[in-house]
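# Per-entry structural report
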Amino acid sequence: LGGCAPRQKAAPAKSAPSIVIGFSQLGQESSWRQRNTDSVLTAAADARYRVLYRNGDSSQEQQIKQIRSFIISRVDAIVFAPIVETGWTAVLKEARAAGIPVILDDRNIAPAERKYITSAVFTDAVGEGQKAAAFVKKKFTNHQGPVRMVQIYGNKDSSVSVGRSRGFTEGLAGDGRFQTVATEYGDFMISKGEEVIRQLAQKVDLHTIDVIFSHNDDMTLGILKYLKTTDIKPGKDIVIVSIDATQEGIDALRRGEINADIECNPETGPKLMNLINLVLNQQSFASSYYLEDQVFSEFDTHLATVKRRY
Ligand code: AHR
């Protein structure tokens, strides 16, 4: 996959200021998302591309309408961060019929629908799950087990929830001590994180849980808020592993309330703009690009100097 844009005829060469990109961001659910939006908009401004920016308000229906409006506006390229993996085929076929290249930001879509996508700049969801698993393994090196775990996913049916969970499961495979006893969806939001852990506490005695793997820092902040109303000390009585590495996440790590924070790198903008440049100039490009992530944990000695942009 990849290597050429869907345009059949070579488009007349355009200079950067006349190029228009339609960008459908999936929502504003987290501080990570805000940083990702800024990264894309700033990189586009630096490249002197004009952007039609739309926010999907966490709704696939909204995102489909936005992509359709970009097609009607005859933009030069469409970038979108898909909230879920499936259900895009019809609108992507319309984009293809109009000869407009479509590029994914951050999240993936299902393999059957990928054939309508020109290329992508992904965050590494599976890798993040594997890094979370590696931390948990290290933390419980001398523990007999069982290790009872809860996972709080973000958006249902999103590639990041699926990928992080897959990476986590793969990373712990073959070690029978680790058992996932409950999973919930918290939509990557602080309020939902707090709500789902409160509801879970009605069904499962959290005193019997050793690890909470929360798929983003916003949900983790909600979980911490709830745990602080109980006698359970987060980071001590329950190991908390989170994703994103926002400033608030790193601050909680420093306070010892979470044990590890795996970065999800939000800086997709520069790679996206390079890619758009290659696509529009009919040059070769890969089917996908991935960003690298760091791991921050209680085992690090340099946490005091860590400064985040989001
Ligand atoms: O798709 C990336 C995830 O979406 C981030 O981890 C989360 O904070 C965001 O909402």
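Throughout, a residue's number is its position along its own chain's written sequence, starting from 1. Given that this is a predicted model, residues contribute local features only at a pLDDT of at least 70 and side-chain atom pairs are listed and counted only at 80 or more, while totals for whole chains, interfaces and linings are drawn from all residues. As a rule here, side-chain values come from all non-hydrogen atoms in the structure, and water together with hydrogens is ignored.

## Points about the overall build of the chain
To qualify as a helix, a DSSP run of H or I must reach at least 4 residues; to qualify as a strand, a run of E must reach at least 2; elements of each kind are numbered from the N terminus. Within the chain, the regular secondary structure consists of nine helices and twelve strands. Both definitions apply: the radius of gyration is a C-alpha atom measure, and the globule rule equals 2.2 Å times residues to the power 0.38. Taken against the 2.2 N^0.38 rule, which gives 19 Å for 310 residues, the C-alpha radius of gyration of the chain at 21 Å falls within 12% of a compact globule. For the chain, the spread of C-alpha atoms along the three principal axes comes to 65 × 40 × 35 Å. In this scheme, a residue with accessible area under 20% of its type's maximum is buried, one over 50% is exposed, and one in between is partly exposed, where area comes from a 1.4 Å probe on protein chains only. Looking at the 310 residues of the chain, the share that counts as buried comes to 55%. Taking the intrachain contacts of the chain between residues at least 6 apart in sequence as the baseline, contacts between residues at least 24 apart amount to 74%. Reported accessibility uses the Shrake-Rupley method at a 1.4 Å probe radius. Residues are deemed covered only where the shown protein chains occlude them. For the chain, the computed accessible surface area is about 13400 Å², with 49% contributed by carbon and sulfur atoms. Here the chain holds 38 positive side-chain charges and 37 negative ones, and the gap between their average locations is 6 Å. Contact definition: two residues touch when any of their heavy atoms are within 4.5 Å. For the purpose of counting charges, residues Lys and Arg are taken to be positive, whereas Asp and Glu are taken to be negative. His and the chain ends are not included. In plain terms, the charge of a residue is placed at NZ if it is Lys, CZ if Arg, CG if Asp and CD if Glu.

## What about the nonpolar core?
Nonpolar side chains in soluble globular proteins tend to be buried together. Throughout this description, the term nonpolar core refers to a set of buried Ala, Val, Leu, Ile, Met, Phe, Trp, Tyr and Cys residues connected via side-chain atoms within 4.5 Å. With 29 residues, the main nonpolar core has Leu 206, Ile 212 and Leu 227 as its most contacted residues. Within the residue set of this core, elements represented by two or more residues are β6 (147-153), α6 (190-203), α7 (217-227) and α8 (247-254). Broken down by element, this core gets its largest block of residues, five residues, from α7. Apart from the residues lying within four places of it in its own chain, the contact partners of Leu 206 are Ile 197, Leu 200, Ala 201, Tyr 226, Leu 227, Ile 232 and Ile 238.

## With respect to the pairing of strand β1 (residues 20-25)
Of all six residues making up β1, six are buried, and the element is well covered by its neighbours. What you see with β1 is no split at all: Val 20, Gly 22 and Ser 24 on one side and Ile 21, Phe 23 and Gln 25 on the other are buried throughout. Strand pairing requires that DSSP identify at least two bridges connecting the strands. Where β1 meets strand β2 (residues 50-55), six bridges bridge the pair, whose relative direction is parallel. Looking at the pairing, Ile 21 lines up with Val 51 of β2. The parallel pair β1 and β2 is bridged by helix α1 (residues 31-46), and the resulting crossover is right-handed. Crossovers are marked right-handed if the path from the first strand over the helix to the second runs clockwise, as seen with the strands pointing away from the viewer.

## A closer look at unusual backbone geometry
Cis rather than trans, the peptide bond between Gly 145 and Pro 146 has omega equal to 0°. Along the chain, the position of Pro 146 falls in the loop between α4 (125-139) and β6. One non-glycine residue, Asp 244, lies in the positive phi region at around 125°. One non-glycine residue, Ala 245, adopts positive backbone phi at about 65°. As for its position among the elements, Ala 245 is in the loop between β9 (239-244) and α8.

## A short note on the sheet that holds strand β8 (residues 211-214)
If you walk across this open sheet you meet the six strands as β7-β6-β8-β9-β10-β12, and the pairing is mixed. Strands at the two margins of the open sheet, each flanked by one partner only, are β7 (178-185) and β12 (295-297). Sheet twist, expressed as the mean angle between neighbouring strand axes with direction ignored, is 15°. Axis definition: a line fit to C-alpha positions, over the contact stretch in the case of helices; interaxial angles, taken between N-to-C directions, run 0 to 180 degrees. Contacts from α4 reach β6, β7, β8, β9, β10 (260-263) and β12 within the one sheet, and its direction differs from that of β9 by about 160°. Set on the sheet, helix α5 (residues 159-172) makes contact with β6, β7, β8 and β9; between it and β6 the angle comes to about 165°.

## Re the packing of α6 against α7
Two elements in contact, α6 and α7, have axes separated by 6 Å at closest approach and are oriented at 45°. As summarised for this structure, α6 and α7 are arranged oblique, according to the angle between their axes. By crossing handedness, the relation of α6 to α7 is classed as right-handed. Residue-level inspection shows Ile 190, Gly 193, Glu 194, Ile 197, Arg 198 and Ala 201 of α6 in contact with α7, the latter providing Asp 218, Met 219, Leu 221, Gly 222, Ile 223, Lys 225 and Tyr 226. Working definition: roughly parallel below 35 degrees, roughly antiparallel above 145 degrees, roughly perpendicular at 65 to 115 degrees, and oblique for all remaining angles. The handedness criterion is simple: a crossing whose near helix is rotated anticlockwise from the far helix by less than a right angle is left-handed, and one whose near helix is rotated clockwise is right-handed.

## Focus: the domain arrangement of the chain
Each assigned domain of the chain is listed here: domain 1 (16-123 + 266-292) and domain 2 (125-264). Those domain boundaries reflect an automatic or database domain assignment. Relative placement of domain 1 and domain 2: their C-alpha centres are 30 Å apart. Across the boundary between the two partners, domain 1 contributes 13 residues, which contact 18 residues of domain 2. Joining two parts hides part of their accessible area as seen by a 1.4 Å probe, and the buried area is that hidden amount summed over both. Buried surface at the junction of domain 1 and domain 2, summed over both partners, amounts to about 1200 Å²; 50% is from carbon and sulfur atoms. Here, a salt bridge means any Lys or Arg side-chain nitrogen found within 4 Å of an Asp or Glu carboxyl oxygen. Along the contact surface separating domain 1 from domain 2 lie zero salt bridges.

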